[in-house]
Amino acid sequence: MQVRINPSVLAADFVNMEAALQTISTADAVHVDVMDYHFVPNLTFGPQMVGRIHEVSPIPLDVHLMIEHPERWVADFAATGAECVTFHVEATDDPVAVIEALEQAGTHTGISVKPGTPIEPYLDLVERVDQVLIMTVEPGFGGQSFMEEVLGKVTAVSTRAAESGRDVWIQVDGGVGPDTIQAAARAGANTFVAGSSVFDREISPAEAIAELRAKAQAA
Ligand code: DX5
Ligand code: ZN
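Residues numbered from 1 in each chain as written. Chains lettered and ligands numbered in written order. Predicted model: local features only at pLDDT ≥ 70, side-chain atom pairs only at ≥ 80, totals over all residues. Heavy atoms only, no water.

Caption draft 1: Spotlight on the nonpolar core. Within the largest apolar cluster, 64 residues are counted, with the highest numbers of intra-cluster contacts made by Val9, Ile24, Val32, Val63, Ile111, Val132 and Phe192. If we ignore the near neighbours within four places in the chain, the residues touching Val9 are Phe14, Met17, Leu21, Ile24, Val30, His31, Val32 and Phe199. By size, the runner-up hydrophobic cluster in this structure holds 5 residues, among which are Met35, Phe39, Val40 and Met66. (Core = buried A, V, L, I, M, F, W, Y, C linked by side-chain atoms within 4.5 Å. Buried < 20%, exposed > 50% of the residue type's maximum accessible area, 1.4 Å probe, protein only. Contact = heavy atoms within 4.5 Å.)

Caption draft 2: Representation of the coordination of the zinc ion (ligand 2) within the structure. Protein ligation of the zinc ion (ligand 2) involves His31 (NE2), Asp33 (OD), His64 (ND1) and Asp173 (OD), the donor distances falling in the range 2.0 to 2.3 Å. Because the angles between the 6 donor atoms bound to the zinc ion (ligand 2) fall within 71 to 171°, the donor set is best described as octahedral. Donor residues for the zinc ion (ligand 2) sit on one chain with the sequence pattern H-x1-D-x30-H-x108-D. Taken as a pair, His31 in strand β2 (residues 30-35) and His64 in strand β3 (residues 61-66) lie far apart in primary sequence, 33 residues in all. Given a relative accessible area of 0%, His64 falls into the buried group. (Donors = N, O, S within 2.8 Å, 3.2 Å for Na, K, Ca; no water. Tetrahedral: all angles 85-135°; square planar, octahedral: opposite > 155°, others 65-115°. Helix = DSSP H or I, 4+ residues; strand = E, 2+ residues; numbered from the N terminus.)

Caption draft 3: Main features of the site of ligand 1. Around ligand 1, the surrounding shell holds 20 residues, and the nearest of these are Asp33, Gly140, Asp173, Gly195 and Ser196. A distance of 2.8 Å separates an oxygen atom of ligand 1 from a polar atom in the side chain of Asp33. A distance of 2.8 Å separates an oxygen atom of ligand 1 from a polar backbone atom of Gly175. Protein contact buries 99% of the 380 Å² of open area that ligand 1 shows by itself. Among the detected pockets, ligand 1 sits in the largest pocket. Residue assignment for the shell around ligand 1 shows that the elements contributing at least two residues are β2, β3 and β8 (191-194). With 3 residues, the top contributor of residues to the shell around ligand 1 is β2. (Near = heavy atom within 4 Å. Polar contact = N/O pair within 3.5 Å; in protein donor to acceptor, adjacent residues only side chain to side chain. Areas by Shrake-Rupley, 256 points an atom, 1.4 Å probe, with all protein chains shown as cover. 1 Å grid on protein atoms, 1.4 Å probe; cavity = no way out; pocket = protein on both sides within 12 Å on 5 of 7 lines; lining within 4 Å. Sits in = over half its atoms within 2 Å of the grid points.)

Note that every value here comes from positions in space, so none of it alone points to a role or purpose.
Structure below.
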């Protein structure tokens, strides 16, 4: 599958969001981290802000829900116009019901697992969802170090996707940068979230996106 680079605006200036979005127009999607102070010890955006980001963004939205009880809120986030909404399987008793709610809303569906969560119980869902996000840091904050030890899960998802003949966005998120993206790509990832390695560099976001894309393609 084609390499996808999804910059995370968690690392952007929240009060200059529209300007930040213009700097990443060469990316494939903008990754929007939604945090609720419960599932993770941090707080970011609600659906109103996500909807405004969608209105002014030059590229589609990849919404990453780090919230408890996603079944209560997914319809609101789907209604923002997001291309894909990803939720954490640890945050709900019924991941299939959440997937069904997103399908009914006409949104691409994504599931995510934290570093300590095994993927085996969820591998059957690889045949149903559009995106599987393997977290490569503990969710909650940008700027953390990439956890190479979780890449076996990326390969397990990649193998299952290939067996089922489906194109699945296999996403890694956390600590992805020029020094780590190739290991993730070789493990089978095709979709790369990058916050600090796009927005906190000496080079421009557009140059950082191009560099990351080239490295992933060459892996
Ligand atoms: C962390 C978020 C990430 C974060 C990644 O919980 O899910 O999307 O923005 O930031 P970096 O790329 O700086 O690790
Ligand atoms: Zn994220």
